[in-house]
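# Secondary and tertiary structure notes
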Amino acid sequence: MSYSFSSPAAEDMQPQTLTDCTISSIAELIKNGVAKKIVVMTGAGISTAAGIPDFRSPNTGLYHNLARLELPHPEAVFEKSFFRDDPRPFYILAKELYPENFKPTVSHAFVSLLAQRGLLRMLFTQNIDCLERKAGVPPDLIVEAHGSFATQHCIECRASFPDEEMRKYVEEGRPPICRRPDCGGYVKPDIVFFGEGLPSSFFDNLMVPLEADLVIVVGTSLTVYPFAELPRLAREGVPRLLFNMDPVGDFGQRGDDVLCLGSCDAGIRKLADELGWREELEKLWVGMVGEEEAERQRARNEREREEAVHQLDDLAKDMEQKLELSEDHDDRDAEVVANSEPQEKKKDESSTAIPVTAAPEPADDQTLATQKEFSPQNSERVVEAETAVEDPLIRPHNVLEYHSETDKESRGTDSTTGLPSVQAEGAPLNKKSENALDNQSGSPKPASE
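Here's what I pulled together on the structure shown here. Only a predicted model underlies this, so the values are computations on that prediction, with no experimental measurement involved.

Turning our eyes to something else, we now look at the overall build of the protein. Helix and strand content of the protein: 14 helices and nine strands. Looking at the protein residue by residue over its 449 residues, the buried ones come to 49%. In the protein, the proportion of contacts linking residues at least 24 apart, taken out of those at least 6 apart, comes to 70%. Carbon and sulfur atoms form 50% of the exposed surface of the protein, whose accessible area is close to 22,400 Å².

Structurally, the position occupied by Gln 116 is in helix α5 (residues 106–116). Take Gln 116: its relative accessible area is 52%, and that puts it in the exposed class. Taking the C-alpha atoms as reference points, Gln 116 and Gly 136, 20 residues apart in sequence, are found 9.0 Å from one another.

Moving on to the pairing of strand β8 (residues 240–244). Counting buried residues in β8 gives five out of five residues, a clear majority hidden from the surface. By the alternation rule, side chains of β8 split into Arg 240, Leu 242 and Asn 244 and Leu 241 and Phe 243, which are all buried. Bridge count for strand β7 (residues 214–218) against β8 is four bridges, and the pairing is parallel. Paired with Val 217 across the bridge in β8 is Leu 242.

Right, let's get into α5. Most of α5 is tucked away: 10 of the 11 residues are buried. Within the sequence span of α5, burial applies to Val 106, Ser 107, His 108, Ala 109, Phe 110, Val 111, Ser 112, Leu 113, Leu 114 and Ala 115.

This next bit is on the packing of helix α9 (residues 264–275) against helix α10 (residues 278–289). In the contact formed by α9 and α10, the axes pass within 7 Å of each other and the chain directions differ by 130°. The pairing of α9 with α10 is recorded here as oblique in orientation. Residues Ile 268, Arg 269, Ala 272 and Asp 273 of α9 pack against Arg 278, Leu 281, Glu 282 and Trp 285 of α10. When grouped by side-chain class, the residues that make up the contact of α9 with α10 number four nonpolar, no polar and four charged.

Moving on: the nonpolar core. In globular proteins that are soluble, nonpolar side chains generally tend to be buried together. Membership of the largest hydrophobic core comes to 43 residues, with the highest contact counts inside it found for Ile 30, Ile 38, Val 40, Leu 120, Phe 243, Leu 271 and Trp 277. If you tally residues by element for this core, the top one is α5, at seven residues. Judged by nonpolar contacts, the second largest core, of 35 residues, contains Leu 71, Ala 94, Cys 154 and Cys 178.

This part covers the environment of Ala 67. The residue Ala 67 is located in the loop between α2 (62–65) and α3 (80–85) in this model. Taking the relative accessible area as the measure of exposure, Ala 67 reaches 51% and is therefore exposed. Put simply, Ala 67 and Pro 89 are 22 residues apart on the chain and 9.9 Å apart in space, counted from C-alpha to C-alpha.

Time to look at the side chain of His 153. Secondary-structure assignment places His 153 in strand β5 (residues 147–154). There is a polar contact of 2.8 Å between the side chain of His 153 and the side chain of Asp 190. When neighbours within four sequence positions are excluded, His 153 is seen to be in contact with Arg 158, Ala 159, Ser 160, Tyr 186, Val 187, Lys 188 and Asp 190.

So, how was this worked out
- Residues numbered from 1 in each chain as written.
- Predicted model: local features only at pLDDT ≥ 70, side-chain atom pairs only at ≥ 80, totals over all residues.
- Heavy atoms only, no water.
- Helix = DSSP H or I, 4+ residues; strand = E, 2+ residues; numbered from the N terminus.
- Buried < 20%, exposed > 50% of the residue type's maximum accessible area, 1.4 Å probe, protein only.
- Contact = heavy atoms within 4.5 Å.
- Areas by Shrake-Rupley, 256 points an atom, 1.4 Å probe, with all protein chains shown as cover.
- Pairing = 2+ DSSP bridges.
- Axes fitted to C-alpha atoms, helices over the stretch in contact; angles between N-to-C directions.
- Parallel < 35°, antiparallel > 145°, perpendicular 65-115°, else oblique.
- Nonpolar A, V, L, I, M, F, W, Y, C, P; charged D, E, K, R; others polar.
- Core = buried A, V, L, I, M, F, W, Y, C linked by side-chain atoms within 4.5 Å.
- Polar contact = N/O pair within 3.5 Å; in protein donor to acceptor, adjacent residues only side chain to side chain.

Here you go:
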C-alpha cells in the first residue's frame with residue numbers, strides 16, 4: 001500500500017516551495033529544473049526486496065541462526081573484542097550477507113538514474129551490502145556511513161587484504177589472516193563495529209545536506225545516530241520526501257515534507273510515473289539484474305503485499321469485534337442507569353424531551369477524496385484516493401543499526417561527538433589469535449583449544 005500524505009505540525013503550516021504536499025508536486029520540482037542537487041539517504045528498507053535476510057525474525061533471522069554458536073548475546077558478532085577472540089561467527093554471518101549473493105532493487109536503480117541525469121548530489125547509506133555500487137552509482141557520490149564489504153583490513157596492523165582472496169574466504173565462511181609475517185591478526189571487512197567511529201567520509205560530507213534542494217529518504221527508521229540527524233540538516237523550505245512504512249524522525253513537522261508510506265519500490269515507481277521515467281527506470285533495472293531476478297523480486301513484493309493485506313483484514317476484524325463489545329457494554333450500563341432512576345424523574349424528563357433527528361448523510365459531492373487518520377503527531381494524513389494498493393510491507397530492518405540511543409546508553413558515548421566510545425587500537429594479540437591457524441589456508445582453532 002503506497003500513498004503520500006502531508007503531516008503538518010501546525011494547522012496553519014503551509015508549504016514554502018511545493019504547490020502541495022504530494023509526489024506530483026515533488027516530480028514537478030524535478031521536471032522544472034528546480035531540484036538539481038538531490039541528496040538521498042537510505043537504510044535497510046531499500047534492500048529488502050533483494051532478499052537480504054533480516055536479523056531478528058523468529059526461526060529465520062540471522063541472529064536465530066547464530067544461536068547454535070552460543071554467543072554471549074547476538075550483537076557480540078559485531079563487537080571488535082569478541083571478533084578478536086573468535087571471528088568465526090562473523091564470517092558465518094558474512095557468508096549470508098555477502099554482496100555477491102544479491103542484486104539491486106528498482107529503488108537502487110532509481111538512485112543510479114538520478115546520478116546518470118546529473119541530479120544526485122550525494123547518497124548517504126547505512127547499508128553494508130554495496131548494492132548502490134552494483135546499481136552503478138559512482139563511488140564518489142556514495143557515503144557508506146556504516147562501512148561496507150567493499151574493502152578490508154587487518155584489525156591489528158591495518159594492512160589491506162586482496163579483494164579476490166577475501167571473496168574466497170567469505171564464500172567458505174573462514175576468517176583470513178593478515179599476510180604480514182610479523183602480524184598474524186585477523187582481517188575483517190571495513191564494516192563499522194561497536195566501539196568504532198564512523199568513516200571519515202561521513203564527517204567530510206556532513207554538511208552536504210545543507211546544499212540540497214531536495215532530500216529523499218528511503219527505507220530507514222532514523223533511529224541510528226549520527227546518521228539520523230542528516231535529514232534535519234536540510235534548510236527550511238527544502239522539500240523532504242520520505243519512502244518508508246511509517247513516519248520517522250521529524251518528518252511531517254515542516255510544511256514541505258511529503259511522506260509516502262508503503263514499500264520503497266512501490267513509492268519509487270509512483271515517483272517515476274509522475275516524472276515520466278517509468279519505462280526508462282524498469283529497463284535500466286532489468287538490465288542490471290536480468291529478467292529472472294526482476295521477476296523474482298516482483299513476485300516477492302506481491303507475496304508480501306498479500307500477506308500485509310491479510311494482516312490488515314485481521315486487524316480490522318479484531319477492531320470491529322472490540323468496538324461491538326464496547327458498544328454492548330455501554331448499552332447495558334445505560335439500561336442499568338435508566339432502570340434505577342426514580343419514576344417521577346423519568347416522567348418529568350419525558351414531558352420536556354426535545355425530538356432528536358439523525359444527522360444527514362453527506363451528499364455524493366461531499367464524499368472525501370482524502371481521509372484523516374491517526375499519526376504519531378496527531379496530525380492529518382492525506383491519502384491520495386487514486387493510489388493503487390501495492391507492496392505494503394517492509395521486513396524488519398537488518399544489520400548494523402548499532403549506534404542507537406539504547407546502544408549509546410549501554411556502551412558509553414564520546415561526550416564530544418556523541419558516538420559510541422572507541423576502543424583502544426593496538427591491543428596485544430592473545431594466544432588464540434597468535435596461533436589461530438596452523439597455516440595460512442587452515443581453519444581457526446576451536447575456542448576450547
